[in-house]
Amino acid sequence: MNKQYELQPLRLQGGWTVECNNFYECEPDSCNDFGKYFVEDLLQLTNSNYNLILDLGWYPDSDQNGTFKLLLIKDYNWEKPIESFESRNTKAIVDKIEYWTNFGFYQKYL
């Protein structure tokens, strides 16, 4: 029987809305149901006050050799993210999400 993972806890400041959350407490090198937990659409947060989108996915979709890709988008300009980060480490991704969603960080883009 495959283990059921819990959603990844995140500490976010106010102003962010969760649009999609399929980001689970599961490391890529030890997950027992890889194709279920490592897909392109893992997490999307929006801050409508400042036209910001934080988007997280696994690329290539369901590929065990892939990586997390995290983007910070301003004004829906998906062609030119204002920040991008890649890692196979869940903690590194969580740390970056919590940092990027902090007003002290993203205010420089307003």
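**Q** So what exactly am I meant to see when it comes to the environment of Leu70 here?
**A** Within the secondary structure layout, Leu70 lies in strand E4 (residues 67-74). Of the residues examined, Leu70 reaches a relative accessible area of 0% and is grouped as buried. For the pair Leu70 and Tyr50, spaced 20 residues apart in the sequence, the C-alpha separation amounts to 18 Å. Setting aside anything within four residues of it in sequence, one finds Leu70 in contact with Leu54, Asp55, Leu56, Glu83, Ser84, Phe85, Ile93, Lys96, Ile97 and Trp100.

**Q** Looking at this model, I keep getting lost on a nonpolar patch on the surface. Mind explaining?
**A** A grouping of Tyr50, Phe103 and Leu110 is seen on the molecular surface, where their side chains present a nonpolar patch of about 250 Å² in accessible area. For Leu110, the position within the fold is in the segment after helix H3 (103-106).

**Q** For this particular structure, what's the right way to read the pattern of salt bridges?
**A** Oppositely charged side chains are able to pair whenever their charged atoms sit close together. Inspection of every chain in the model, using the stated rule, returns three salt bridges. For the salt bridge of Glu98 with Arg11, the shortest nitrogen-to-oxygen distance reads 2.8 Å. Residue Glu98 is found in helix H2 (residues 90-100), and its partner Arg11 is found in the segment before strand E1 (17-21); the two are separated by 87 residues along the sequence. For Glu98, a relative accessible area of 14% translates into the label buried.

**Q** Got a minute to help me understand the side chain of Ser87 in this structure?
**A** Mapped onto the elements, Ser87 comes out in strand E5 (residues 83-87). In terms of polar contacts, Ser87 uses its side chain to reach the backbone amide nitrogen of Asn89, at 2.9 Å. Setting aside anything within four residues of it in sequence, one finds Ser87 in contact with Thr67, Phe68, Ala92 and Ile93.

**Q** Please clarify how H2 should be interpreted in this entry.
**A** Looking only at H2, the buried set comprises Thr90, Ile93, Val94, Ile97, Glu98 and Trp100. On its buried face, H2 sits against strand E2 (43-47), strand E3 (52-59), E4, E5 and H3. The residue sitting at the N-terminus of H2 and contributing the capping side-chain oxygen is Asn89; that oxygen lies 2.9 Å from the backbone nitrogen of Lys91.

**Q** What's the story with the packing of aromatic side chains in this structure? I'm lost.
**A** To describe a pair of aromatic rings, you give the distance between the ring centres and the angle between the ring planes. Considering all chains together, one arrives at 15 aromatic pairs under this definition. When the centroid spacing of 5.9 Å and the interplanar angle of 55° are considered together, the rings of Tyr50 and Tyr106 count as tilted. One end of the pair, Tyr50, is in the loop between E2 and E3; the other, Tyr106, is in helix H3, and 56 residues separate them in sequence. Seen from the ring of Phe85, Lys96 lies directly overhead, with NZ or CZ sitting 4.7 Å from the centre.

**Q** What is the right way to look at the nonpolar core in this model?
**A** Within the largest apolar cluster, 24 residues are counted, with the highest numbers of intra-cluster contacts made by Phe23, Phe38, Leu54, Leu56, Phe68 and Ile97. Those elements that place two or more of their residues in this core are helix H1 (34-37), E2, E3, E4, H2 and H3. Aside from chain neighbours lying at most four places away, what touches Phe38 is Cys26, Glu27, Pro28, Cys31, Trp58, Asp61, Ser62 and Phe68.

**Q** What exactly am I supposed to notice about the sheet that holds E3 here?
**A** Strands in a sheet are paired, the pairing made by backbone hydrogen bonds, and the direction either parallel or antiparallel. Strand order in this open sheet of five strands is E1-E2-E3-E4-E5, and the pairing throughout is antiparallel. Edge positions in the open sheet fall to E1 and E5, since each of these has one partner strand only. In this sheet, neighbouring strand axes are inclined to one another by 15° on average, regardless of whether the strands run parallel or antiparallel. As defined by bridge partners, E1 adjoins E2 across four bridges and the pair is classed as antiparallel. Residue pairing for E2: Thr17 is matched across the bridge by Thr46.

Here is what the cut-offs are and how they apply
- Residues numbered from 1 in each chain as written.
- Predicted model: local features only at pLDDT ≥ 70, side-chain atom pairs only at ≥ 80, totals over all residues.
- Heavy atoms only, no water.
- Helix = DSSP H or I, 4+ residues; strand = E, 2+ residues; numbered from the N terminus.
- Buried < 20%, exposed > 50% of the residue type's maximum accessible area, 1.4 Å probe, protein only.
- Contact = heavy atoms within 4.5 Å.
- Patch = residues over 30% accessible without salt bridge, like charges linked within 9 Å, V, L, I, M, F, W, Y side chains within 5 Å.
- Areas by Shrake-Rupley, 256 points an atom, 1.4 Å probe, with all protein chains shown as cover.
- Salt bridge = Lys/Arg side-chain N within 4 Å of Asp/Glu carboxyl O.
- Polar contact = N/O pair within 3.5 Å; in protein donor to acceptor, adjacent residues only side chain to side chain.
- Phe/Tyr/Trp six-rings, centres within 6.5 Å; stacked < 30°, edge-to-face > 60°.
- Lys NZ or Arg CZ within 6 Å of the ring centre and 35° of its normal.
- Core = buried A, V, L, I, M, F, W, Y, C linked by side-chain atoms within 4.5 Å.
- Pairing = 2+ DSSP bridges.
- Axes fitted to C-alpha atoms, helices over the stretch in contact; angles between N-to-C directions.

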